[in-house]
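# Coordinate inspection notes
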Amino acid sequence: MNRSLTTHDLPALMTGIMATLAGIGIARFAYTPLLPAIIQEGWFTASQGAYLGAANLLGYFIGALAAHSLSERFSPRLVMAASFAGIALSFVLCAGAGGFLWFFFWRLVSGAAGAILMVVGPSLALAATPPERRASVGAMVFTGIGLGALLSAFIVPLLLGLSLSVTWGTLGLLCIAAGLLCDYFLRQGVAHLASPTTASPRVNSPTGGAGVKIIVMLVVGAYALDAIGFMPHTVFWVDYLARENALGNQAASLQWGIFGLGALCGPFMVGALAQRVGWQGGLMIAFATKAAAVLLPVFSLALLSQSVSSFMVGAMIPGIVALTSGRLAELVGPTAHKKLWGQATAAFAAAQAVAGYAMSALYGAWGSYTPLFAISGLILVAGFLLVLLSRGVQQRHSHLSAQQPTQQSSNQGRQ
């Protein structure tokens, strides 16, 4: 089979990339470098700025719960257009100093809209892609997350040199551009190809219905643990290097840039990995790699250790998202994927929000970030074990399914 991408995959691929670029790449990652400027300009206190970040996580949870039902009730094109508009407005309408509740509402909207794009966009892309090329397309759609990370690392600081208001407004315009591009590619046939009547049939699974449910629960559980595991790098990494370890802002900014580069490369890496060892094998390798990368700063903060940790955690953030999405689609088929992916995203969002508050409280109690990296690394090890267990369940049910025809034939022979 031809597993390489073709020009026919471009509409589905670009639909997914634009959705993930706006959904997390801009709506969430671009806020991180904005936060210090908001505080320095006196728009909000540090505490208020943290709550605004939490508003985005809360909105993400709400959007993940609502995404499937909205896309079933309304056309996916309309749902996605409204989501792009919501994120764009959240930046444009916050381009000037305003009240806390105003900003809180729009950060909530951006989180909800981002989650909807993260659920609907990749699902449409997978459903519109032939089974033999889903490993490539299913991973590549999440390069948008990496593009957003690079924007946050390099372009946002340049825009802040002009003004904070210009930065907010420009990010809104970028979301509008991404939305227009996404809509253009949707109109190239993605929505039609992904409709239930024309979607590809469910990938054959070697397990029975009960077995698939157990495997799905284990994979979703691992995905929720991943949300806890990456929190220190996405929230505390820059401050941990610059202030706690006195390495300075320049060194910390360099590591955030390496993190962004990793996030861009991650989907390419796991796409190649999935083609060679499958979604299941790729997910196991990704969890093991990410656990080691998160634990690395606990043992060494040499420049090489920092850089490896930054790059690999950055790479495995969209990498595990892509592999989990692909694995679930493999288990339940592209048509049922959207609903299940929405549930997985909601579990991820809930775990992420709880972990954010819990780790902030632990840092307040301990006064150091180092234990948080150790805890997160161990959480990712637990995620790896859940994925490993899911493979054992699959193998067991495959063995039982293979025995059933033999037993039936034997019984018929006795009769």
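Rules behind the numbers
- Per chain, the residues get numbers from 1 upward, laid out in the order the sequence is written.
- Residue-level local features of this predicted model are given only where pLDDT is at least 70; pairs of side-chain atoms are given and counted only at 80 or more, and the full residue set underlies all totals for whole chains, interfaces and linings.
- Calculated side-chain values reflect all of the structure's heavy atoms, with hydrogen atoms and water omitted.
- Strands are runs of DSSP state E lasting at least 2 residues, helices are runs of H or I lasting at least 4, and numbering of each runs from the N terminus.
- Whether a residue is buried, partly exposed or exposed follows from its accessible area with a 1.4 Å probe, protein chains only, as a fraction of its type maximum: under 20%, in between, or over 50%, in that order.
- Every axis corresponds to a line fitted to the C-alpha atoms, with the helix fit spanning only the stretch in contact, and the corresponding angles, defined between N-to-C directions, vary from 0 to 180 degrees.
- Should the near helix be turned anticlockwise from the far one by less than a right angle, the crossing is left-handed, and should it be turned clockwise, the crossing is right-handed.
- For this analysis, residues touch if any pair of their heavy atoms sits within 4.5 Å.
- Amino acid classes used here: Ala, Val, Leu, Ile, Met, Phe, Trp, Tyr, Cys and Pro are nonpolar; Asp, Glu, Lys and Arg are charged; the rest, including Gly, are polar.
- Patch building starts from residues that exceed 30% relative accessible area and form no salt bridge, then joins like charges within 9 Å and nonpolar side chains (Val, Leu, Ile, Met, Phe, Trp, Tyr) within 5 Å.
- Calculation of accessible area relied on Shrake-Rupley with a 1.4 Å probe; when residues are assessed, cover is drawn exclusively from the protein chains displayed.
- When a carboxyl oxygen of Asp or Glu lies within 4 Å of a side-chain nitrogen of Lys or Arg, that pair is called a salt bridge.
- Only buried residues count toward a nonpolar core, which is a set of Ala, Val, Leu, Ile, Met, Phe, Trp, Tyr and Cys residues joined through side-chain atoms within 4.5 Å.
- Arc, as used here, means the arc of the directions from the helix axis to the C-beta atoms.
- Only Phe, Tyr and Trp rings are paired, with Trp represented by its six-membered ring, and only when their centres lie within 6.5 Å; those with planes under 30 degrees apart are stacked, over 60 edge-to-face, the remainder tilted.
- A positively charged side chain is recorded as over a ring if its NZ (Lys) or CZ (Arg) lies within 6 Å of the ring centre. The angle to the ring normal must also be within 35 degrees.

For the protein, an unreviewed UniProt entry supplies the name YbfB/YjiJ family MFS transporter and the organism Vreelandella sedimenti.

### Comments concerning the environment of Gln 188
In this structure, Gln 188 sits in helix H8 (residues 164-193). A relative accessible area of 43% places Gln 188 in the partly exposed class. As for Gln 188 and Leu 10, which are separated by 178 residues in sequence, their C-alpha atoms are 9.5 Å apart.

### Quick look at the packing of helix H1 (residues 10-26) against helix H4 (residues 76-92)
In contact at an axis separation of 11 Å, H1 and H4 are set at 35° when each is read in the N-to-C sense. Where H1 crosses over H4, the handedness of that crossing is left-handed. Counting all contacts with H1, which are made through Thr 15, Met 18, Ala 19, Ala 22, Gly 23 and Ile 26, the residues of H4 involved are Met 80, Phe 84, Ile 87 and Phe 91. Class assignment of the residues belonging to the contact of H1 with H4 gives a composition of eight nonpolar, two polar and no charged.

### Comments concerning a nonpolar patch on the surface
Taken together, Leu 89, Val 92, Leu 93 and Trp 102 make up a surface patch of nonpolar side chains, about 330 Å² in accessible area. With respect to the element layout, Leu 89 can be found in helix H4.

### Describing the nonpolar core
Counting residues in hydrophobic clusters, the biggest one holds 123 residues, and the most contacted among them are Met 80 and Trp 168. Sorting elements by how many residues they give to this core places helix H11 (residues 249-299) first, with 14 residues. With residues up to four places along the chain from it excluded, the contact list for Trp 168 reads Tyr 31, Leu 34, Ile 38, Trp 43, Ser 90, Phe 91, Val 92, Cys 94, Ala 95, Phe 103 and Arg 107.

### Brief notes about unusual backbone geometry
A positive phi is found at Ala 246, a non-glycine position, where the angle reads about 55°. Within the secondary structure, Ala 246 sits in the loop between helix H10 (231-244) and H11. Judged by relative accessible area, Ala 246 falls into the exposed class, the value being 64%.

### Examining the pattern of salt bridges
On inspection of all chains with the given rule, the structure shows four salt bridges. For the salt bridge of Asp 183 with Arg 187, the shortest nitrogen-to-oxygen distance reads 3.1 Å. With a gap of four residues between them, Asp 183 and Arg 187 both fall in helix H8, about one helical turn apart. Assessed through its relative accessible area of 18%, Asp 183 is described here as buried. Ionic pairing is found between Glu 330 and Arg 327, a salt bridge with its closest N-O pair at 2.7 Å. One end of the pair, Glu 330, and the other, Arg 327, are both in helix H12 (residues 303-332), three residues apart, so they sit about a helical turn from each other. Beyond isolated ion pairs, a larger network of salt bridges with shared partners links Arg 77, Asp 183 and Arg 187.

### Brief notes about the packing of H10 against H11
Two elements in contact, H10 and H11, have axes separated by 8 Å at closest approach and are oriented at 140°. The crossing of H10 and H11 is right-handed. In this structure, H10 contributes His 233, Thr 234, Trp 237, Val 238, Tyr 240, Leu 241 and Ala 242 to the contact, and H11 contributes Asn 249, Ala 252, Gln 255, Trp 256, Phe 259, Ala 293, Val 294 and Pro 297. Classifying every residue of the contact of H10 with H11 by side-chain character gives 11 nonpolar, four polar and no charged.

### Observations regarding the environment of Gly 49
On the secondary structure map, Gly 49 appears in helix H3 (residues 46-73). Overall, the relative accessible area of 0% leaves Gly 49 in the buried class. C-alpha of Gly 49 to C-alpha of Ile 38: the two residues are 11 residues apart in sequence and 7.6 Å apart in space. Aside from chain neighbours lying at most four places away, what touches Gly 49 is Tyr 31, Leu 35 and Phe 44.

### Some details on helix H2 (residues 31-40)
Turning to H2, its buried residues are Tyr 31, Pro 33, Leu 34, Ala 37 and Ile 38. For H2, the angular spread of buried residues about the axis comes to 155°, placing them on one side. Following H2 by one or two positions, Gly 42 adopts a phi angle in the positive range, close to 80°.

### Section: the packing of aromatic side chains
Scanning the model with the defined rule gives 21 aromatic pairs in all. Following the ring pairs from residue to residue traces out a cluster consisting of Trp 43, Phe 44, Phe 91, Phe 100, Phe 103, Phe 104 and Trp 168. Residue placement shows Arg 28 over the ring face of Tyr 60; its charged tip is 4.6 Å from the ring centre.

### Topic: the environment of Ile 215
In this structure, Ile 215 sits in helix H9 (residues 209-229). Considered as a pair, Ile 215 and Leu 328 are 113 residues apart in the sequence and their alpha carbons are 9.2 Å apart.

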